Amino acid sequence: MKILYRIFRPIIFLMDPEQAHYALKKIGVFLGSNVITRLITGLLFNYRHKSLNTEVDGVKYRNPVGLSAGFDKDGELTKIYPYLGFGLAELGSFTGEICPGNPGKRLFRMVKSKSIVVWYGLNNLGAEKISARLADADFGDLRVGINAAKSNVSPDFVLAESIRDYLKTMTLFKDIGDYYTINISCPNTQDGEPFVDADNLGALLAAVNENIRPISDKPIYVKLAADLTFDEIDVIVDGCIEYKMDGFVLTNLAKPGCNQEHISAEYPSKLGLLPEGKGAMSGLPLQRISTNVIRHVYRRTRGELTIIGVGGIFTAKDAYEKITSGANLLHMITTMIFDGPQNISEINRGLVKLLKADGFTSIEQAVGSRNPLPELAIQEAIEEVAEVA
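Treat the numbers as computed from the prediction; the structure is a model and nothing was measured. (Residues numbered from 1 in each chain as written. Predicted model: local features only at pLDDT ≥ 70, side-chain atom pairs only at ≥ 80, totals over all residues. Heavy atoms only, no water.)

Student: Please explain helix H2 (residues 17–31) as it appears in this structure.
Tutor: With 15 residues, H2 should cover 21 Å at 1.5 Å per step; its first-to-last C-alpha distance of 21 Å lies within 8% of that length. For H2, the complete set of buried residues consists of Pro-17, Glu-18, Ala-20, His-21, Lys-25 and Gly-28. End-on view of H2: buried residues confined to an arc of 155 degrees, all on one side of the axis. Summarising the geometry of H2, the exposed residues directed more than 90 degrees from the buried face are Lys-26 and Phe-30. Contacts from the buried residues of H2 go to helix H1 (2–14) and strand E5 (107–110). The backbone nitrogen of Glu-18 has a side-chain oxygen 3.1 Å away, supplied by the residue at the start of H2, namely Asp-16. (Helix = DSSP H or I, 4+ residues; strand = E, 2+ residues; numbered from the N terminus. Expected span 1.5 Å × (residues − 1). Buried < 20%, exposed > 50% of the residue type's maximum accessible area, 1.4 Å probe, protein only. Arc of directions from axis to C-beta. Contact = heavy atoms within 4.5 Å. Polar contact = N/O pair within 3.5 Å; in protein donor to acceptor, adjacent residues only side chain to side chain.)

Have a look at this one:
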């Protein structure tokens, strides 16, 4: 399958990126439409192993490898994901109102940087229509996340209206999926990221606790931006702890102005394809940044809150680094585009080997194993000195 994808990838890359995305999505819908194509897909791509089974916040996953929000914006491909090897998929972002997204070209490839530049702007059909379609969906053993964001329809920010927008989506999906993600970090919206502000975030999370917790027992995670300082991250993390959120998705896309991990000459604005400063990057430019944030948040929360790691996962080694840094689960997109859909099963197979090499029999044992908490690190140092003495 890898050889086949390497043959077809140059043809796919001749297509406009957004048109290629829609074409591949149509193929995915077809493959998921009947038992025969699902079974054939499963024979080619799917992989299972008991050491990959994991439980997070009471939800059981057959493996920790998931699809990130942003790929399936209208939740149309859930029937095929488990046959590709995914243990979970985060759908959306969904918004309270229909969003057409940003105008013009909205998706770009940076091949040398191994990155996709996104300028979509939360285009989706709106929570009402999508939730009605998914209301009776059977996701099987696929675990589904519902990514809720604020409608991107105006450059004006009104706190009360924005909170109502989140609550509308979360209420409509109260009986659909296995967890929520509150997306406060989309880099491509007209009004920026207003919920990075501690007071705004506190008002949102208080409203979520008051209105959503009584009607749904799903875990609730908050998705953070990639370009925050650790001090800014600490304010958000401490606020989430105060309001008893269950964890974090780390991180969203990387903005070009704050990122030195890509080849600048490749960026679409340098080629006149996108206004300066617009868009944000997935893939390799995000890899190191997101892992560093995972490590920091894991230590800040003392390993007690869930972390879903996102950004630059192309190999089992990349995935394992995020897990051993503190991630319980993983999200990815870009590897499918650059390396092919068979890479999901390759990552799962590789994780089994890496777990075994470290003497672990489960994902849970590996989480944070190479990022010891301060007290544990001190104790290990004392024991090491004692042994030497």
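Student: Please clarify how the sheet that holds strand E6 (residues 115–118) should be interpreted in this entry.
Tutor: Paired through backbone hydrogen bonds, the strands of a sheet run either parallel or antiparallel to each other. Here we have three strands laid out as an open sheet, ordered E5-E6-E11, and antiparallel in their pairing. Here the strands that pair on one side only, and so sit at the sheet edges, are E5 and strand E11 (280–281). (Pairing = 2+ DSSP bridges.)

Student: Any chance you could explain the environment of Arg-213 here in plain terms?
Tutor: Among the secondary structure elements, Arg-213 is positioned in the loop between helix H7 (198–211) and strand E9 (220–224). With a relative accessible area of 28%, Arg-213 lands in the partly exposed category. C-alpha of Arg-213 to C-alpha of Thr-171: the two residues are 42 residues apart in sequence and 10.0 Å apart in space. Setting aside anything within four residues of it in sequence, one finds Arg-213 in contact with Val-208, Lys-218, Ile-220, Lys-244, Met-245 and Asp-246. A polar contact of 2.8 Å, which involves the side chain of Arg-213, links it to the backbone oxygen of Lys-244.

Student: Looking at this structure, I do not really get empty space enclosed by the protein. What am I missing?
Tutor: To locate leftover empty space, one rolls a probe as large as a water molecule over the atoms. Enumeration over the complete set of coordinates arrives at one cavity of 30 Å³ or more. Counted as a void, the largest cavity has a volume near 120 Å³. As for the largest cavity, its lining consists of 16 residues, of which Lys-150, Tyr-166, Asn-183, Thr-189 and Gly-192 are closest to the centre. Classifying every residue of the lining of the largest cavity by side-chain character gives seven nonpolar, six polar and three charged. (1 Å grid on protein atoms, 1.4 Å probe; cavity = no way out; pocket = protein on both sides within 12 Å on 5 of 7 lines; lining within 4 Å. Points joined across faces, edges and corners; volume = space filled by probe spheres on them. Nonpolar A, V, L, I, M, F, W, Y, C, P; charged D, E, K, R; others polar.)

Limitation: the analysis is restricted to geometry and does not speak to function.
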